[in-house]
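Working through the structure, step by step
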Amino acid sequence: MSKLVVLDTTLRDGEQSPGVNLNKREKLQIAKQLERFGVDVLEAGFAASSRGDFESIELIAKEIRSLSICSLSRALIRDIDTSWDALKHAADPRLHIFLATSKIHMEHKLRMSEQDVLDTIYKTVKHARSFFPVVQVSAEDAGRSTKEFLVKFSNAAINAGAQVINIPDTVGYSTPEEYGELFKFLRENVDTKADTIFSCHCHNDLGMAVGNSLAAIRAGVEQVEGTINGIGERAGNAALEEIAVALHIRKDLFNRTTNLNLREIKQTSTLVSRLTGLAVQKNKAIVGANAFAHESGIHQDGVLKESTTYEIISPSLVGVERNNLVLGKHSGRHAFTERLQELGYDLTKEESDHVFKEFKRLADLKKDIVDDDLHALVLGEKVSGKNKYEFSELNVAFNSNSIQTATVSIKLENDQVVQDAATGKGSIEAIYNAIERIINLSCHLEDYRIQSISHGEDALAQVNVILSNNAKKYTGFGIANDVLEASAKAYLYAANKVQKEVAVTQV
Ligand code: KIV
Ligand code: ZN
């Protein structure tokens, strides 16, 4: 079986999903999980696009040493130099230059002739190769480009030193048959070198991103690109977890290996969904809540007799455990620490003390604490960092025939606790009004969503919000035993992001 390289672009193309705006700490958490999942190349962002992207790429490149870390770049010398600045400390840096090759893009967007595009890609790749050991080139909108021009473009990039030729179906226009054929044509007609590899990158506008990627893999591409949960611009990118499981279940057909650890799929999906605020649809393949649920009596009967009657994927293959080890109020520090270690967490003493305190608080309110609860507690600790505002206490008076009142207490950086109250048409509005009075920051609530973590009446609640301030959007999540507390925490999480940005721009 030949090896397939997996490039994950959740933190770059995935982060281009409307409303998603991850900060450095969140990106690092996702990057660490992608490392556990076993991707080979991690596209950490677009260094020249913003200060935030630059700093995230730099941080990830310094912290994650076992993967190749990549930055996207326009075909501009200044973008390439900025990308190098962000990646110069990486163990295995990669640059990804893109330039459009379709007639529509060249004429209307770039206003460049075919020759301009060929000259530009040659010049910029040559420049990049003077310091980047690996340069990947993308023919943007390749799905609507002519095959003949793609050959010329690939030749120019390879002659200048590019090793990876990515052929994106940028607008999700291709069909599996066409996309597979395109790679066969390129393989036969491009003047490849011994180190040249072809890569596929698909978008899901017609719902064919995974199908197209699998067709490209069947046609022999050496690299596949995608995102976790298929997040990305418009209808998103190819979902990596779906590709990974298809390759495994149908290895008879695909005959390719990857470094992916499929058991990390569920946890990776949950983390990405939690931090981006993009919910996973219930019936989504592999990671949806219903992906392994059997509703009809005939199916249930079949599965009970022999699971393979209706289950082609065993839940445990992708890390969905039905019988988690349960911890509770009487579990001691030892059992708690051991379980966290088994789940792959390596916490500092300070982090562990804090999470244990939260665990004990939760255990007083919730009978059984399962792995999903522990993951949520650890994540809260890992991404929160030192914030200006910490949730302290909440009191809500609800009256079904009147307006609602909320009293909120918030701990400031100097440990001082500030309290204020406000009213609202609903409890959430009252809470958010009270918080705004305390932190003196006015944000618009663009989106509010609630879901439960694990099962049962005492399941933890997770709230995701999107706030906007000065036309920028900020995501936040909060987890608590009670929906109102989770709502307050979600708002404060996002408000802390707003506050940090306002503080930076005021400097
Ligand atoms: O879809 C696309 O064309 C891209 C490129 C920037 C590679 O994401
Ligand atoms: Zn893309």
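These numbers come from a predicted model, not from an experiment.

1. What about the layout of surface pockets?
Its boundaries defined by the atoms lining it, the largest pocket holds a volume of some 1600 Å³. For the lining of the largest pocket, the secondary structure elements donating two or more residues are α1 (24–37), α11 (265–276), α13 (333–342), α15 (371–384) and β14 (444–453). With six residues, α11 is the single largest residue contributor to the lining of the largest pocket. When its residues are assigned to classes, the lining of the largest pocket shows 13 nonpolar, 17 polar and 17 charged. As a volume, the second largest pocket reaches approximately 1300 Å³. Contributing to the lining of the second largest pocket are 36 residues, with His354, Glu358, Ser384, Glu390 and Lys489 lying nearest its centre. Of all the secondary-structure elements, those providing two or more residues to the lining of the second largest pocket are α14 (349–365), α15, β11 (389–397), β16 (472–480) and α17 (483–506). Broken down by element, the residue count for the lining of the second largest pocket peaks at nine residues, all from α14. Among the residues making up the lining of the second largest pocket, the classes are represented as 14 nonpolar, nine polar and 13 charged.

2. Brief notes about the domain arrangement of the chain
The parts lose accessible area when they come together, and the size of an interface is often stated as this lost area. With domains assigned, the chain is organised as domain 1 (2–276), domain 2 (292–320), domain 3 (333–384) and domain 4 (392–506). Between the C-alpha centres of domain 2 and domain 3 there is a distance of 31 Å.

3. Some thoughts on the pairing of β16
Across the nine residues of β16, seven count as buried, placing the element largely inside the fold. Strand direction decides the pairing type here: strand β15 (residues 460–469) and β16, joined by nine bridges, are antiparallel. Pairing of Asn469 across the sheet is with Lys472, part of β16.

4. A closer look at helix α2 (residues 51–63)
The first and last C-alpha atoms of α2 sit 18 Å apart over 13 residues, in line with the 18 Å expected at 1.5 Å per residue. Turning to α2, its buried residues number three or more, namely Asp53, Phe54, Ser56, Ile57, Ile60 and Ala61. Down the axis of α2, the buried set is contained in an arc of 165°. They therefore lie on one face. The inward-facing, buried residues of α2 contact α1, β3 (41–45), β4 (68–74) and α3 (77–87).

5. Thoughts on the nonpolar core
Core analysis: the largest hydrophobic core is formed by 113 residues, its most contacted members being Leu42, Ile60, Ile69, Ile97, Phe183, Ile217 and Leu275. It is helix α6 (residues 147–160) that provides the largest number of residues to this core, a total of eight residues. By size, the runner-up hydrophobic cluster in this structure holds 29 residues, among which are Ala406, Ile410, Leu467 and Val498.

6. As for the coordination of the zinc ion (ligand 2)
Every protein donor of the zinc ion (ligand 2) is accounted for by Asp13 (OD), His201 (NE2) and His203 (NE2), and the metal-donor separations fall at 2.0 to 2.1 Å. When the donors of the zinc ion (ligand 2) are listed by position in the chain, the intervening gaps give D-x187-H-x1-H. Taken as a pair, Asp13 in the loop between β2 (5–8) and α1 and His201 in strand β8 (residues 197–202) lie far apart in primary sequence, 188 residues in all. Just as Asp13 is buried, His201 falls in that class too.

7. Points about the sheet that holds β11
Here three strands make up an open sheet; going across it, the order is β11-β12-β13 and the pairing antiparallel. Sheet topology places β11 and β13 (417–424) at the edges, where each strand pairs with a single neighbour. Geometrically, the sheet is characterised by an average inter-axis angle of 20° between neighbouring strands, direction not taken into account. Of the strands in this sheet, β11, β12 (404–412) and β13 touch helix α16 (residues 427–439), which is tilted by about 140° from β13.

8. Focus: the sheet that holds β4
Reading around the circumference, β2-β3-β4-β5-β6-β7-β8-β9 is the order of the eight strands in this closed barrel, with parallel pairing throughout. Adjacent strand axes in the sheet meet at a mean angle of 25° when their direction is disregarded. In this sheet, strand β7 (residues 164–169) lies alongside strand β6 (residues 134–140) in parallel orientation, the contact comprising three bridges. Following the sheet pairing, Val137 is matched in β7 by Ile165.

9. Points about the packing of α6 against helix α7 (residues 176–189)
Contact pair α6 / α7: the axes reach a minimum separation of 10 Å and the direction vectors enclose 50°. Comparing their axes, α7 and α6 come out oblique. Where α6 crosses over α7, the two elements pack in a sense that is right-handed. When α6 is examined against α7, the residues Lys147, Glu148, Leu150 and Val151 are found in contact with a partner set consisting of Leu182, Phe185, Leu186 and Asn189. Residues that form the contact of α6 with α7 fall into these classes: five nonpolar, one polar and two charged.

10. Looking at the packing of aromatic side chains
Considering all chains together, one arrives at ten aromatic pairs under this definition. When the centroid spacing of 5.0 Å and the interplanar angle of 50° are considered together, the rings of Phe477 and Tyr493 count as tilted. In this pair, Phe477 is assigned in strand β16 and Tyr493 in helix α17, connecting sequence segments 16 residues apart. Each member of the pair, Phe477 as well as Tyr493, carries the same accessibility label: buried.

11. Concerning the pattern of salt bridges
In the structure shown here, the tally under the stated rule is 34 salt bridges. Of the charged contacts, one joins Lys32 and Glu63 as a salt bridge, the two residues approaching to 4.0 Å between their closest N and O atoms. With Lys32 in helix α1 and Glu63 in helix α2, this pair connects stretches of sequence that are 31 residues apart. A relative accessible area of 44% places Glu63 in the partly exposed class. With its nearest N and O atoms 2.6 Å apart, the salt bridge here joins Arg339 to Glu342. Here Glu342 and Arg339 lie together in helix α13, a separation of three residues that amounts to about one turn. On the basis of relative accessible area, Arg339 is assigned to the buried category, the value being 14%. Glu342 sits in the exposed class, given a relative accessible area of 52%. One connected set of salt bridges, linked through shared partners, spans Glu358, Arg361, Glu485 and Lys489.

Parameters and conventions
Residues numbered from 1 in each chain as written. Chains lettered and ligands numbered in written order. Predicted model: local features only at pLDDT ≥ 70, side-chain atom pairs only at ≥ 80, totals over all residues. Heavy atoms only, no water. 1 Å grid on protein atoms, 1.4 Å probe; cavity = no way out; pocket = protein on both sides within 12 Å on 5 of 7 lines; lining within 4 Å. Points joined across faces, edges and corners; volume = space filled by probe spheres on them. Helix = DSSP H or I, 4+ residues; strand = E, 2+ residues; numbered from the N terminus. Nonpolar A, V, L, I, M, F, W, Y, C, P; charged D, E, K, R; others polar. Domains from an automatic or database assignment. Buried < 20%, exposed > 50% of the residue type's maximum accessible area, 1.4 Å probe, protein only. Pairing = 2+ DSSP bridges. Expected span 1.5 Å × (residues − 1). Arc of directions from axis to C-beta. Contact = heavy atoms within 4.5 Å. Core = buried A, V, L, I, M, F, W, Y, C linked by side-chain atoms within 4.5 Å. Donors = N, O, S within 2.8 Å, 3.2 Å for Na, K, Ca; no water. Axes fitted to C-alpha atoms, helices over the stretch in contact; angles between N-to-C directions. Parallel < 35°, antiparallel > 145°, perpendicular 65-115°, else oblique. Left-handed = near helix turned anticlockwise from the far one by under 90°. Phe/Tyr/Trp six-rings, centres within 6.5 Å; stacked < 30°, edge-to-face > 60°. Salt bridge = Lys/Arg side-chain N within 4 Å of Asp/Glu carboxyl O.

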